[in-house]
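Notes for the structure review
Here is what each chain is made of, one letter per residue.
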Amino acid sequence: MQRPWTRFGKTLILIGTGLQVFVAPAAAEERYRERPPVIVSPDLTAPWIRQLGGAVPANAPAAASPVSAGRSRTGLPANPFRQIAVAPPVAAPRTQSTQIRPRQPEPSLPAAASVATPVQAAAMQPIPVIRSRLEPQFLPQIVDYDTRETPGTIVIDTPHRFLYLVLEDGKAKRYGVGVGKPGFEWAGAHKVTRKAEWPDWHPPKEMITREAAKGHYLPASMQGGPENPLGARALYLGSTLYRIHGTNAPWTIGSGVSSGCIRMRNEDVTDLYERVPIGTTVIVM
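Because the structure is predicted, anything quoted here is derived from the model rather than measured.

When you go through the protein chain residue by residue, the secondary structure sums to six helices and eleven strands. The contacts of the protein chain with a sequence gap of at least 6 include a subset with a gap of at least 24, amounting to 62%.

Here you go:
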């Protein structure tokens, strides 16, 4: 037979168990209705703060530490779900990548090293200047000319690079010419035996051999035209190989560069070609 207090105790246990069934879900719902904030330790954020902007300013509020702040005397956190305020990172200006640094002067070589390297003589030689226009004295012009030659005679003054077509009344028409280079000058009197317009060029064998020794290879013949060295017109002198002819290099007028022929500008030799007939006397001095 059970005692009365035993039955009473069992009744209390049953009542307490029923209350727990109804109260526990409500307490759980009340407890987890709001999610607790995520706690981030300053020890983890500090390295990222340093990488983003350097040190945190001194006047910034200190972050609360869950280790030191909010601990009870027992060593356990008083409120483990309390949100910790972390100071926002302050980005410091990055000047290393954008700052323009002055260029450092290059170290000068010692005096001995600069003297030891000689400068080649060829580098100090001036570059020859090619004349792009004819000098005024070599342009055609009517001049006073005192001579015993009859009008219509051609007189070539080799030293001064002039050709004179003798006119009447002590006048002459003067043209600038190019003459033979040193070793190829000549003098004498001949007649114009042939005239040709845009003549073909047949360099003599001696010229071909001579130029080949210099590394210049000439063709056996070249058809007349603007690129032909004889130019627009040619006056052949006697039975010689010499001619009065035009040129494809007008900047050489006034110089001694030919192999003995007398060269003129194309417009000048064309003018002379129209003025003199076959049989005209040519005197070279």
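We now examine the sheet that holds strand β6 (residues 188–197). Think of a sheet as strands paired side by side through backbone hydrogen bonds, with each pair either parallel or antiparallel. Taking strand neighbours across the sheet as the criterion, the nine strands line up as β1-β4-β3-β2-β11-β6-β7-β8-β10 in an open arrangement whose pairing is mixed. The outermost strands of the open sheet, each flanked by one partner alone, are β1 (141–144) and β10 (262–263). Examined bridge by bridge, β1 and strand β4 (residues 171–176) share four bridges and lie antiparallel to one another. Among the inter-strand pairings, Q141 is bridged to a residue of β4, identified as R174.

Another aspect to go through is the pairing of strand β3 (residues 162–166). Counting buried positions along β3 gives five out of five residues, so the element sits mostly inside the fold. Burial along β3 is two-sided: the residues F162, Y164 and V166 and L163 and L165 are all buried. With four bridges joining them, strand β2 (residues 154–157) and β3 adopt antiparallel strand pairing. Bridge pairing in β3 places I156 opposite L163. Between β2 and β3, which pair antiparallel one after the other, the connecting turn spans four residues, and R161 there sits at a positive phi close to 60°. Taken together, the five bridges between β3 and β4 define a ladder with antiparallel strand orientation. Along β4, the bridge assignment pairs V166 with A172. Taking the residues between adjacent antiparallel strands as the criterion, β3 and β4 are bridged by four residues, where D169 takes a positive phi near 60°.

Segments scoring low in pLDDT should not have their predicted coordinates read at a detailed level. For the protein chain, mean pLDDT is 74; residues scoring 70 or higher make up 54% of the total. The weakest mean pLDDT in the protein chain belongs to helix α4 (residues 121–124) at 38; the strongest belongs to β3 at 98. When the criterion is pLDDT under 50, residues 63–70 qualifies, and its contacts beyond four places in sequence or with other chains add up to 14 contacts. Here residues 112–130 scores under 50 on pLDDT; set against residues more than four positions off or in separate chains, the count is two contacts.

Enumeration over the complete set of coordinates arrives at four aromatic pairs. Aromatic side chains F138 and F162 sit 5.6 Å apart centroid to centroid with 45° between the ring planes, which places their arrangement in the tilted category. Taken together, the positions of F138 in the loop between α4 and β1 and F162 in strand β3 put the pair 24 residues apart, joining distant regions of the chain. Comparing F138 with F162 shows no difference in burial state: the two are buried. Connected via pairs of aromatic rings, a cluster forms that spans F138, Y145, F162 and Y164. One cation-aromatic arrangement involves R194 over Y236; the distance from NZ or CZ to the ring centre is 3.9 Å.

Thresholds applied
- Residues numbered from 1 in each chain as written.
- Predicted model: local features only at pLDDT ≥ 70, side-chain atom pairs only at ≥ 80, totals over all residues.
- Heavy atoms only, no water.
- Helix = DSSP H or I, 4+ residues; strand = E, 2+ residues; numbered from the N terminus.
- Contact = heavy atoms within 4.5 Å.
- Pairing = 2+ DSSP bridges.
- Buried < 20%, exposed > 50% of the residue type's maximum accessible area, 1.4 Å probe, protein only.
- pLDDT = per-residue confidence, 0-100.
- Phe/Tyr/Trp six-rings, centres within 6.5 Å; stacked < 30°, edge-to-face > 60°.
- Lys NZ or Arg CZ within 6 Å of the ring centre and 35° of its normal.

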